[in-house]
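Examining the three-dimensional arrangement
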Amino acid sequence: MKNFFLETTGMFFLDGGMGTQLQLRGLEPGEIPELWNLRRPGDVRAVHEAYYAAGSNAVYANTFGANGEKYHGDAPLRDVVFAGVAIAREAASNVGGRRFVALDVAPTGRLLKPSGDFEFDAAYDAFAEEVRLGAEAGVDFIAIETMSDSYELKAAVLAAKENSDLPILATVALGDDGKLLTGANVECVAAMLEGLRVDAIGLNCGLGPDRMLEHVKRLASFTSLPVAVKPNAGMPQVVDGRTVFTVGPEEFARDVASLVDAGATIVGGCCGTTPAHIKAVHDLLASRPVAERAMPRPSAFVTSGSRVVEIPLEDTIVIGERINPTGKKKLKAALAEGDVAYVLREAVSQADAGAHILDVNVGVPGLDEPAVLDSTIQAIQSVTDLPLQIDTSDPRALERALRHYNGKALVNSVNGKEESLNAVLPLVAKYGGAVVALTLDEAGIPPTAEGRLAIAKKILARGAEYGLKPSDFVIDVLCLAVSADPNSANVILDALGRVKTELGCRTCLGVSNISFGLPARPLLTATFYTMAMARGLSAGIVNPLSSDMMAAYRAYRALCAKDPACGEWIEAFKDWTPAAGGVAAGQARGATQGGASDGDALSAAIRKGLKSDASAEAKLAIANGVAPLDIIGNSIVPALEVVGKGFESGKMFLPQLLMAAEAAGAAFDVVRASMPPQDASSVKGPIVMATVKGDIHDIGKNICRALLENYGFKVIDLGRDVAPETVVEAAKREKARLVGLSALMTTTVGAMEETVRLVHEQVPGCLVTVGGAVLTADYAAKIGADSYSRDAMGLVRYAEKIFA
């Protein structure tokens, strides 16, 4: 089906909020909105008709919660989706004109592993079922919205691509910090979505139009895709006992016009917006010509779930080579024995030493490579936010790893052989990676720069057949030892320069091969590394724990004006002192075996999220006679404080916070087992927690529970969709001094207010703290809550005050 997002010559207008409109028509707190497709279709149709009449080119069918994981109504899901699409289609027919209907695909309400407990494939299955139903029912495009986790977003996009041939519009919900819940910024999201080849991308919910502006500017300057916006009508407030959004239609339209000036061409509204808001936007913008947007320069980006790294054309980065068993007996043994902790230490140490991307190869004979590569990559992504280079020659292993990779990976590699081209390029095109291209073919490695350049051109041409651009490739001209061919270095350097100048492509190189078979290898390799960077090497695949290699890298960048004010050089070598026979007495900071580490080993393991190491270090401390309470007070809690403050300051993100909490939990388990009963009973609390009636999104609550438990609190988790009376009963039974309530949906904040009221009435002395994406501190105060917790660490701080 044609992509009308790209074909339209003017603005494309979407609808506004559905849930808040149904509330005005009588939707009760906790009632399932999608069931109105069957029970009150006339009201749903009236909302759609009002939006079409206001100027919407497309409306979202009332299917926001219609996936198998989220939907818990008593009617079959198929009936709900088909009715929702039919109602929207009927409304379009009633209003007349060319109108479109989108399938509304929203989050499952679960946090995916490793941060949560929900499997990627289970999320995919839930989305795939909804997409199949929507496609069969006859929608025009898939609208994936309100995503706060880039990994869940990837599952939804793959489900849409593999179960329909419809255009895909994908929008995410940013927090106040401009990032998703799991840490990705707009550039990180855009790089992944462009790689997955969606048709339009953008932002919805979370923020009002004024607070979206800076993020839309960044997004429009980064992506070449059409940009969509569906802001809230501000944030909710309580006025005369009712939940209202305070940004009116005219103000909303003026703010949306600023978003259009910033590059958006697809516009609508989210929570709190009405047909009047959409009409005001349409009236202001319908006749305005769409300004031609300056497209970003072609760039090569790879991402993790929360970090984007550019493979530069005019600079250079480091790809850590240590997770590759070739020539590494300890790593080979660790992989064969399933010692994941060893691999994770290698990942963390390379990240600490300054690597930008980590190569991951698990090619040990006898291993189930597809399974081991998949699980190893997922484990590594749980402890570092660096993008990964998936290194395998097995197409089955590559596809499985690419599918489950959180972000846009770098693939190592494709080459000029027909077998490789046919196996690898389709996978890169499907899953959206960048790919290393080795300049060899059926005849081997050409001895000349011209021969290697010819193979690179062949690979680029074949990539174009799959829609891949030159910026999707990183050309490896292959490093052969000078001990075997004295002219090897000259050929390599010539080929590097020509790939950059003639093809405009990035390059990479396994640098250490140059010195094979010669003495003093680090000195020879580091010298060649500097020469290669000077000829245009974009990414050196090196050992970042080698002080020689990292000194060469940092020196080159400082000397070539690529290190502003020599800041990285100064930071790395500020403790440097001269020493005979070596680069430095006490190597450069972050380039020692094991990486940078301050404090004791247990605290370091917790900060890095190394669960097995934390458990082992706690056992060692107990065996060495350290008192259990001293371990908690001097190692575990201080480590959590460091991570917590890093999260609060925006220097660390949710995945790192949760993995540190898991590592602390593993250490706590060891310590508690050794504690006498009177010490073990010193747990603080209890705290009763629940997601309110009608809301099945328990991501935030689960995060808070994990943090509280690892700060020594007892938590009574009542789950999701919990009635006010159930919360009151639990608070009474547990004699709780604190209740925590969570809500994500605007349609359930009424249930939160009722729960707060009942707790205060029936459980004297019990305080209530609330949190969730639709809440603010002002709103929390107006519904009677004692506290508003902006995030999990905020709740921990509040609980510490209450139970001090």
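Anyway, here's the lowdown on the structure attached to this text. (Residues numbered from 1 in each chain as written. Predicted model: local features only at pLDDT ≥ 70, side-chain atom pairs only at ≥ 80, totals over all residues. Heavy atoms only, no water.)

Glancing now at the overall build of the chain. Looking only at helices and strands, the chain features 31 helices and 25 strands. The dimensions of the chain, computed from C-alpha atoms along their principal axes, are 80 × 70 × 50 Å. The burial tally for the chain puts 60% of its 804 residues in the buried class. A total accessible area of about 30000 Å² is found for the chain, and carbon and sulfur atoms account for 53% of it. Within the chain, the 96 negative side-chain charges are centred at a point lying 2 Å from the centre of the 77 positive side-chain charges. (Helix = DSSP H or I, 4+ residues; strand = E, 2+ residues; numbered from the N terminus. Buried < 20%, exposed > 50% of the residue type's maximum accessible area, 1.4 Å probe, protein only. Areas by Shrake-Rupley, 256 points an atom, 1.4 Å probe, with all protein chains shown as cover. Lys, Arg positive; Asp, Glu negative; His and termini not counted. Charge placed at Lys NZ, Arg CZ, Asp CG, Glu CD.)

With that settled, the discussion passes to helix H29 (residues 749-762). Here H29 spans 20 Å end to end across 14 residues, near enough to the 20 Å set by a 1.5 Å rise per residue. Listed in full, the buried residues belonging to H29 are Val749, Ala751, Met752, Thr755, Val756, Leu758 and Val759. (Expected span 1.5 Å × (residues − 1).)

The subject of this paragraph is unusual backbone geometry. Note that the residue after Lys113, namely Pro114, is joined by a cis bond; omega there is 5°. Considering the arrangement of structural elements, one finds Pro114 in the loop between strand E3 (100-105) and helix H6 (120-137). Residue Pro686 is reached from Gly685 by a cis peptide bond, and omega for that bond is 5°. Within the fold, Pro686 resides in strand E21 (residues 684-691).

Attention shifts here to the packing of aromatic side chains. Applying the stated criterion to the full structure yields 5 aromatic pairs. The side chain of Lys684 reaches across the aromatic face of Phe713, ending 4.4 Å from its centre. (Phe/Tyr/Trp six-rings, centres within 6.5 Å; stacked < 30°, edge-to-face > 60°. Lys NZ or Arg CZ within 6 Å of the ring centre and 35° of its normal.)

Our next topic: the packing of helix H16 (residues 418-431) against helix H17 (residues 449-465). Close contact between H16 and H17 brings their axes to 11 Å; oriented N to C, the two are set at 40°. As summarised for this structure, H16 and H17 are arranged oblique, according to the angle between their axes. In this structure, H16 crosses over H17, and the sense of that crossing is right-handed. Packed against H16, whose contacting residues are Glu418, Leu421, Asn422 and Leu425, the element H17 presents Lys458, Ile459, Arg462 and Gly463 at the interface. In terms of residue class, the contact of H16 with H17 is built from 3 nonpolar, 2 polar and 3 charged. (Axes fitted to C-alpha atoms, helices over the stretch in contact; angles between N-to-C directions. Parallel < 35°, antiparallel > 145°, perpendicular 65-115°, else oblique. Left-handed = near helix turned anticlockwise from the far one by under 90°. Contact = heavy atoms within 4.5 Å. Nonpolar A, V, L, I, M, F, W, Y, C, P; charged D, E, K, R; others polar.)

Its place among the elements puts Ser515 in the loop between strand E19 (506-510) and helix H19 (521-534). The exposure class assigned to Ser515 is buried, which follows from its relative accessible area of 0%. Here the side chain of Ser515 touches Ser512 through a polar contact of 3.3 Å, landing on its backbone oxygen. Side-chain polar atoms of Ser515 contact the side chain of Arg521, separated by 2.8 Å. Residues in contact with Ser515, not counting those within four places in the same chain, are Arg521, Leu524 and Thr525. (Polar contact = N/O pair within 3.5 Å; in protein donor to acceptor, adjacent residues only side chain to side chain.)

Ranked by size, the top nonpolar core spans 219 residues in total, and within it Ile142, Ile144, Leu153, Leu509, Tyr529 and Ile636 carry the most contacts. For Ile636, the contacting residues outside a window of four places in its chain are Leu602, Ile606, Ile631, Ala664, Ala667, Phe668 and Val671. Counting 29 residues, the second-largest nonpolar core is a separate cluster that includes Cys766, Val770, Ala780 and Ala785. (Core = buried A, V, L, I, M, F, W, Y, C linked by side-chain atoms within 4.5 Å.)

This part covers the sheet that holds strand E23 (residues 738-742). In sheet architecture, strand pairing relies on hydrogen bonds along the backbone and comes in two forms, parallel and antiparallel. Spatially, E22-E21-E23-E24-E25 is the arrangement adopted by the 5 strands of the open sheet, whose pairing is parallel. The strands lining the two open edges of the sheet, one partner per strand, are strand E22 (713-717) and strand E25 (787-788). Across 5 bridges, E21 lies against E23 in parallel orientation. By the bridge assignment, Thr691 is partnered in E23 with Ser742. The sheet strands contacting helix H27 (residues 699-710) are E21, E22 and E23, and the helix crosses E22 at an angle near 155°. (Pairing = 2+ DSSP bridges.)

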